[in-house]
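# Structure assessment
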Amino acid sequence: MRRKVIAGNWKMNMTPSQAVKLVTELRPNVNNPDVDVVFCVPSIDIVPVVEAVKGSNIHIGAENVYYQEKGAFTGELSPEMLVDAGVSHVIIGHSERRMYFNESNTVLNLKMHKVLEHGIIPILCCGETLEQREKGITLDFVKEQIVEAYVTKEQVLHTIVAYEPIWAIGTGKVATTAQAQEVCGFIRTVFEELYDKETADQIRILYGGSVNASNAAELFAQPDIDGGLVGGASLKPDFADIVNYNK
Ligand code: PEP
């Protein structure tokens, strides 16, 4: 039985003081024993938020990382810096980073390997545009994103995937449970081809795209959906209702 993961992606929202206020309010309400709770937060919020969640079950993630150890890479953060600050997870290849910062599958593969070397759990995002869905190339496109970004058999079980159809992110337009399950189930078969069935059965695959407290239970009840990556709805105290989707 795979444990659920429910991760918030705050994107470029929340000043440090707003961030501390939100996690302080949320921490007593996100104690679902069936769920790993992760907040992926802006870099500047990491240190105060790690301090504010100490002693709770909340994990803190970053939204991005660089694939070099150190050096002349102005503006970037290394995996070592993230680990030292208390980060356990990092989002890799969110569609906004692919789109606005030109991150390719090749660069994402370097990031995947580098964060795993440092013991950070990558949450690799994949997902198609509306145009690709309408052309009927969703599965081929998602498969390419997974195959090109992925890692070795020894490392794969320390990773999480998030299927996020771009047309459902921040639009209020959630994929139907059937659409979400179809692609998450397909991703599992890609892992079976790349590794083996036992490995594929253990990898946690999340759905992301306008998840909220009303649709979470149905989405997370699908056989291949092991939780969610939640944007807008993770910025409010009601996020606790998503974490407690099964209560
Ligand atoms: C996201 O940013 O990863 C996301 C899924 O956003 P939203 O939940 O707002 O659609």
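In this text the structure is predicted, and so the values were computed from the model without any measurement.

## Comments concerning the nonpolar core
With 66 residues, the main nonpolar core has F39, I146, Y150, I187 and F191 as its most contacted residues. Broken down by element, this core gets its largest block of residues, seven residues, from helix 9 (residues 177-194). Beyond its immediate sequence surroundings of up to four residues, Y150 is in contact with N109, M112, H113, L124, V156, T159, I160, V161, F191 and Y195.

## As for the site of the ligand
As a structural note, the neighbourhood of the ligand is formed by 14 residues, with K11, E164, G170, S210 and G231 the closest of them. A distance of 3.2 Å is found between an oxygen atom of the ligand and a side-chain nitrogen or oxygen belonging to N9. Residue G231 places a main-chain N or O atom 2.8 Å away from an oxygen atom belonging to the ligand. Contact with the protein chains hides 95% of the accessible area of the ligand, taken as 290 Å² for the molecule alone. In a pocket analysis with a 2 Å cut-off to the grid points, the ligand is assigned to the second largest pocket.

## Details of the packing of aromatic side chains
The full count for this structure, using the stated rule, is eight aromatic pairs. Ring plane angle 50 degrees and centroid distance 5.6 Å describe the contact between W10 and F39, whose orientation is recorded as tilted. With W10 in the loop between strand 1 (4-9) and helix 1 (16-26) and F39 in strand 2 (residues 35-41), this pair connects stretches of sequence that are 29 residues apart. Measuring from centroid to centroid gives 4.6 Å for Y66 and Y67, while their planes differ by 35 degrees, and the two rings are tilted. Linked through ring pairs, W10, F39 and F239 together constitute an aromatic cluster. The cationic tip of R97 hangs over the ring face of F101; the distance from NZ or CZ to the ring centre is 4.2 Å.

## As for the sheet that holds strand 8 (residues 227-230)
One closed barrel holds the eight strands; their spatial order is 1-2-3-4-5-6-7-8, and the pairing between them is parallel. Between one strand axis and the next, the sheet turns by 25 degrees as a mean value, whatever way the strands run. Across five bridges, strand 2 lies against strand 3 (residues 58-62) in parallel orientation. Across the sheet, the residue bridging to V41 is A62, located in strand 3.

## A closer look at helix 9
The end-to-end C-alpha distance of helix 9, which contains 18 residues, comes to 26 Å, matching closely the 26 Å that a straight helix rising 1.5 Å per residue would cover. Within the span of helix 9, buried status applies to T177, A180, Q181, V183, C184, G185, F186, I187, R188, V190 and F191.

## Comments concerning the environment of K70
Position of K70 relative to the elements: it lies in the loop between strand 3 and helix 3 (79-85). Judged by its relative accessible area of 68%, K70 is exposed. Note: C-alpha distance between K70 and M81 (eleven residues apart in sequence) is 9.3 Å.

## Overview of the layout of surface pockets
Put simply, the largest pocket is a space of about 530 Å³. Within the residue set of the lining of the largest pocket, elements represented by two or more residues are helix 2 (43-52) and helix 4 (95-100). When residues of the lining of the largest pocket are assigned to their parent elements, the largest contribution, three residues, is made by helix 4. Among the residues making up the lining of the largest pocket, the classes are represented as ten nonpolar, five polar and five charged. Quantified by volume, the second largest pocket comes out at close to 200 Å³. When grouped by side-chain class, the residues that make up the lining of the second largest pocket number five nonpolar, nine polar and two charged.

Rules and cut-offs
Residues numbered from 1 in each chain as written. Predicted model: local features only at pLDDT ≥ 70, side-chain atom pairs only at ≥ 80, totals over all residues. Heavy atoms only, no water. Core = buried A, V, L, I, M, F, W, Y, C linked by side-chain atoms within 4.5 Å. Buried < 20%, exposed > 50% of the residue type's maximum accessible area, 1.4 Å probe, protein only. Helix = DSSP H or I, 4+ residues; strand = E, 2+ residues; numbered from the N terminus. Contact = heavy atoms within 4.5 Å. Near = heavy atom within 4 Å. Polar contact = N/O pair within 3.5 Å; in protein donor to acceptor, adjacent residues only side chain to side chain. Areas by Shrake-Rupley, 256 points an atom, 1.4 Å probe, with all protein chains shown as cover. 1 Å grid on protein atoms, 1.4 Å probe; cavity = no way out; pocket = protein on both sides within 12 Å on 5 of 7 lines; lining within 4 Å. Sits in = over half its atoms within 2 Å of the grid points. Phe/Tyr/Trp six-rings, centres within 6.5 Å; stacked < 30°, edge-to-face > 60°. Lys NZ or Arg CZ within 6 Å of the ring centre and 35° of its normal. Pairing = 2+ DSSP bridges. Axes fitted to C-alpha atoms, helices over the stretch in contact; angles between N-to-C directions. Expected span 1.5 Å × (residues − 1). Points joined across faces, edges and corners; volume = space filled by probe spheres on them. Nonpolar A, V, L, I, M, F, W, Y, C, P; charged D, E, K, R; others polar.

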